[in-house]
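# Structure assessment
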Amino acid sequence: MNFSAAEILLIIEAAGTFAFAVSGATAAIRSRYDLFGIFVLAFVTAIGGGTIRDLLIGNLPVNWLTDSLAIFSVIAGFLFTLIVFRRMKKLEGWLFSFDAAGLGLFTVMGTQIGLEAGMGAGISIALGTITGCFGGVLRDLLAGELPLIFQKEIYAIAAVAGGSIFVGIYQLFDALLIAQLTGIFTIILIRFIAVKKQLGLPKFELPDESST
Amino acid sequence: MNFSAAEILLIIEAAGTFAFAVSGATAAIRSRYDLFGIFVLAFVTAIGGGTIRDLLIGNLPVNWLTDSLAIFSVIAGFLFTLIVFRRMKKLEGWLFSFDAAGLGLFTVMGTQIGLEAGMGAGISIALGTITGCFGGVLRDLLAGELPLIFQKEIYAIAAVAGGSIFVGIYQLFDALLIAQLTGIFTIILIRFIAVKKQLGLPKFELPDESST
Amino acid sequence: MNFSAAEILLIIEAAGTFAFAVSGATAAIRSRYDLFGIFVLAFVTAIGGGTIRDLLIGNLPVNWLTDSLAIFSVIAGFLFTLIVFRRMKKLEGWLFSFDAAGLGLFTVMGTQIGLEAGMGAGISIALGTITGCFGGVLRDLLAGELPLIFQKEIYAIAAVAGGSIFVGIYQLFDALLIAQLTGIFTIILIRFIAVKKQLGLPKFELPDESST
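Residues numbered from 1 in each chain as written. Chains lettered and ligands numbered in written order. Predicted model: local features only at pLDDT ≥ 70, side-chain atom pairs only at ≥ 80, totals over all residues.

### A word on the relation of the copies chain B and chain A
Just so we agree on the cut-off: The copies were overlaid with a least-squares fit restricted to C-alpha atoms from residues scoring a pLDDT of at least 70 in each copy. Two residues qualify as a contact pair if the distance between their C-beta atoms, derived from the backbone, is within 7 Å.
For the pair chain B and chain A, the best superposition has an RMSD of 0.0 Å and corresponds to a rotation of 120 degrees with a translation of 0.0 Å parallel to the axis. Seen this way, the second copy is the image of the first under a three-fold rotation axis. Closest approach to the rotation axis within chain B is made by the C-alpha atom of Leu55 of chain B, at a distance of 4.2 Å. Residue by residue, only 9% of the interface of chain B is reproduced at the interface of chain A, so the copies engage with different surfaces.

### Regarding the nonpolar core
In plain terms, the rule: Any nonpolar core is a set of buried residues, restricted to Ala, Val, Leu, Ile, Met, Phe, Trp, Tyr and Cys, that join up through C-beta atoms within 7 Å. To sort residues by exposure, count the other C-beta atoms lying within 10 Å of each residue's C-beta; 20 or more gives buried, 12 or fewer gives exposed, and values between give partly exposed, all with C-beta atoms placed from the backbone.
Membership of the largest hydrophobic core comes to 197 residues, with the highest contact counts inside it found for Leu41 and Ala42 of chain A, Leu41 and Ala42 of chain B together with Leu41 and Ala42 of chain C. Not counting the four nearest positions on each side in its chain, Leu41 of chain B is found in contact with Gly24, Ala25, Ala27, Ala28, Tyr33, Arg139, Leu142 and Ala143 of chain B.

### Describing the interface of chain C and chain A
Where interface size is given, it is often the accessible area lost as the parts come together that is meant. Note the threshold: Ten residues, namely Ala, Val, Leu, Ile, Met, Phe, Trp, Tyr, Cys and Pro, are considered nonpolar, four, namely Asp, Glu, Lys and Arg, are considered charged, and the remaining ones, Gly among them, are considered polar.
Contact with chain C, which involves 21 residues of that partner, is made by 23 residues of chain A. Residues that form the side of chain C that touches chain A fall into these classes: 16 nonpolar, 3 polar and 2 charged.

### Notes on the relation of the copies chain C and chain A
The operation relating chain C to chain A is a screw motion whose rotation component is 120 degrees, with 0.0 Å of axial translation and a residual RMSD of 0.0 Å. Interface overlap between copies: only 10% of the residues of chain C at the interface are likewise at the interface in chain A, consistent with a contact formed by different surfaces.

### Thoughts on the interface of chain B and chain A
To keep things clear, this is the line we draw: Only DSSP runs of H or I with at least four residues qualify as helices, and only runs of E with at least two residues qualify as strands; both kinds are numbered from the N terminus onward.
With 23 residues of chain B at the contact, the number on the chain A side is 21 residues. Sorting the residues of the side of chain B that touches chain A by element identifies helix H1 (2-30), helix H2 (35-57) and helix H5 (121-142) of chain B as the ones contributing at least two each. Partitioning the side of chain B that touches chain A into residue classes produces 15 nonpolar, 3 polar and 5 charged.

### Details of the packing of helix H4 (residues 91-116) of chain C against helix H5 (residues 121-142) of chain C
Residues and elements named next belong to chain C. So the rule is basically this: Lines fitted to the C-alpha atoms define the axes, with helices restricted to the stretch that makes contact. Angles between their N-to-C directions range from 0 to 180 degrees. Put simply, a crossing is left-handed when the front helix is turned counterclockwise from the back one by less than a right angle, and right-handed when it is turned clockwise.
One can describe the packing of H4 onto H5 by two numbers: an axis separation of 7 Å at closest approach and a directional angle of 145 degrees. The interaxial crossing formed by H4 with H5 has right-handed handedness. Contact with H4, carried on its side by Leu103, Phe106, Thr107, Val108, Met109, Gly110, Thr111, Gly114 and Leu115, involves Ile123, Ser124, Ile125, Leu127, Gly128, Thr129, Ile130, Thr131 and Gly132 of H5 and no other residues of that element. By residue class, the composition of the contact of H4 with H5 is 9 nonpolar, 9 polar and no charged.

### Structural notes on the packing of helix H6 (residues 156-173) of chain C against helix H7 (residues 176-196) of chain C
Residue and element names in this part refer to chain C. Put simply, the rule is: These descriptions rest on fixed angle ranges, namely under 35 degrees for roughly parallel, over 145 for roughly antiparallel, 65 to 115 for roughly perpendicular, and the rest for oblique.
Two elements in contact, H6 and H7, have axes whose closest approach is 8 Å; the angle formed by their N-to-C orientations is 160 degrees. Classified by the interaxial angle, the pair formed by H6 and H7 is roughly antiparallel. Every pair of crossing elements has a handedness; the one defined by H6 and H7 is right-handed. On H7, the residues that touch Ala158, Ala159, Ala161, Gly162, Gly163, Ile165, Phe166, Ile169 and Tyr170 of H6 are Leu176, Ile178, Ala179, Gln180, Thr182, Gly183, Ile184, Thr186, Ile187, Ile190, Arg191 and Ala194. A breakdown of the residues in the contact of H6 with H7 according to their chemical character gives 14 nonpolar, 6 polar and 1 charged.

### Thoughts on H4 of chain C
Residue and element names in this part refer to chain C. What counts here: Expected helix span is computed as 1.5 Å times (number of residues minus one).
Between the first and last C-alpha of H4 there are 37 Å, a value that for 26 residues agrees with the 38 Å anticipated at 1.5 Å per step. The element H4 is largely enclosed, with a buried count of 19 among its 26 residues. Gly118, located one to two residues past H4, shows a positive phi value of around 85 degrees.

### Comments concerning unusual backbone geometry
Note that the residue after Leu60 of chain B, namely Pro61 of chain B, is joined by a cis bond; omega there is -10 degrees. Within the secondary structure, Pro61 of chain B is located in the loop between H2 and helix H3 (68-83). Here the phi dihedral of Asp174 of chain A falls at roughly 55 degrees; this positive angle occurs in a residue that is not glycine. Its place among the elements puts Asp174 of chain A in the loop between helix H6 (156-173) and helix H7 (176-196). Given 9 C-beta atoms within 10 Å, Asp174 of chain A falls into the exposed group.

### Focus on the environment of Pro61 of chain C
Exposure remark for Pro61 of chain C: the 19 C-beta atoms within 10 Å place this residue in the partly exposed category. Counting along the chain gives 13 residues from Pro61 of chain C to Val74 of chain C, while the straight-line C-alpha distance between them is 19 Å. Dropping the residues within four chain positions of it, Pro61 of chain C is found in contact with Leu56, Ile57 and Gly58 of chain B together with Thr66 of chain C.

Just distances and angles here, no functional claims.
In structure tokens form, the structure reads like this:
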């Protein structure tokens with residue numbers, strides 16, 4: 001049972017790493033970066049969120065230094081982007097799907113790692129959200145863009161919702177696999193609905209400056 | 001005595017966290033970020049300096065993961081900004097006051113933590129300056145701005161001065177509370193004078209490029 | 001023998017730190033930063049790559065907190081930039097030479113530290129490349145620029161090549177000093193050739209967007 005949970009975590013991790021590596025490599029091509037820049041952005045986007053999580057909880061050396069699966073998943077996403085993906089049509093739609101999958105997979109994985117490190121439910125959900133979202137924040141910073149997740153359709157809230165559902169099901173019913181799948185599915189579903197209906201969080205103004 | 005020092009440190013931390021959360025949330029509103037972006041910038045500005053300090057000295061898991069006071073102070077600053085602060089008049093003046101308070105409080109706290117971790121006086125003052133200044137650097141990076149503290153009126157030097165006075169009084173007279181208050185007061189005072197008189201550090205030119 | 005290796009590592013470190021501090025200070029002057037900003041960029045450029053490496057492998061407190069040699073080398077590079085360097089002619093050429101030296105010295109040092117921490121050859125070369133390259137990435141982010149190393153002439157590949165040659169010679173012949181010197185020389189040589197002949201890595205396009 002434990003072994004099976006570990007195996008599932010590995011598959012989740014590989015799929016999420018691949019998905020985010022594609023998203024990072026595509027952003028680098030857009031910024032006119034060279035082959036090395038494309039690789040670094042694939043790498044940083046894919047392992048950035050988990051690295052920040054590992055640093056914060058003191059889980060050092062960070063995971064990917066001793067995890068060849070993560071490295072191979074990044075390389076696979078990098079090569080896939082250069083050879084196949086950038087020639088595909090309707091790039092935006094595919095890119096969104098990869099990103100939604102990565103967000104769901106990483107958030108649930110990060111939340112589970114937080115619980116396993118003995119953190120409380122709220123902090124674990126925050127660590128999951130950081131795992132899911134901050135690779136993309138680093139990607140945008142390195143690509144010279146304002147972080148998308150602070151502006152566009154509901155994003156991090158999807159991670160918080162999915163992480164909460166994962167924790168709830170896992171702690172109430174002790175059913176790890178069902179909790180994982182439900183959490184991931186929730187996140188992907190919220191993202192699809194949010195983008196389809198262009199749902200965003202409210203923004204605010206500083207009245208002092210509205211006349212500027 | 002030890003207990004009282006710990007208590008004072010907690011109050012300092014909560015006040016500084018609140019002040020910096022307000023400053024981060026306001027910067028996010030200015031960048032037209034949504035509700036989540038406002039929360040993240042409040043959070044990163046408030047805990048960023050201390051997180052970098054904790055990472056550098058290996059104080060892991062970082063403080064705020066196990067410290068609900070810090071989380072509540074961020075949430076208080078976030079809500080205060082949305083509900084009260086952004087409707088206030090003379091925002092600039094208030095924002096400056098919050099920022100000066102946060103700088104003073106965090107610098108002295110960070111310096112004290114450095115000393116308690118067994119670092120020398122110089123390194124402890126550097127750690128205090130990092131604690132006080134780098135939340136704002138992360139805020140500016142995430143808001144897509146050049147870091148203010150590298151350009152505007154005397155800022156980090158105020159932190160260095162206040163940290164040094166704190167260490168001096170603490171080590172000479174072993175009077176923690178007086179050392180803390182004097183250090184904090186020095187930093188706030190220097191910031192007020194610097195902004196009032198628009199005192200800045202010198203800038204330089206590269207002669208090679210002056211004709212560009 | 002061990003002692004001599006440690007000594008050589010110290011000299012390498014001081015020279016690389018000095019070189020990168022000059023590069024960071026010059027970038028700050030270009031961004032019109034004040035005296036403090038110039039110091040911070042000198043510092044971050046010089047110790048940023050090694051700090052990220054130490055964080056990733058859990059080598060905490062990070063090296064420079066307890067290493068006065070690093071601090072003095074940064075201060076020397078900072079003062080040298082303000083007093084001598086910015087008045088020199090043909091700044092670009094000198095700046096390039098400092099940067100190439102720093103890249104060679106830091107990459108080989110970082111790779112060696114990776115091996116000594118028990119990492120495999122590939123990960124050690126990656127850690128060396130991070131040590132050599134990411135100070136410059138942080139410098140560019142703090143100066144508000146897109147990271148140069150993702151766009152310009154062959155840069156990180158030079159680090160990967162030099163790190164690989166270092167590991168190869170060291171593991172085959174157990175000749176540390178020769179391995180170090182050959183690795184450093186390879187990196188500097190590749191950089192000189194790349195800039196002289198303007199060799200870059202290939203860039204790519206997203207066909208979907210070529211009509212935009």
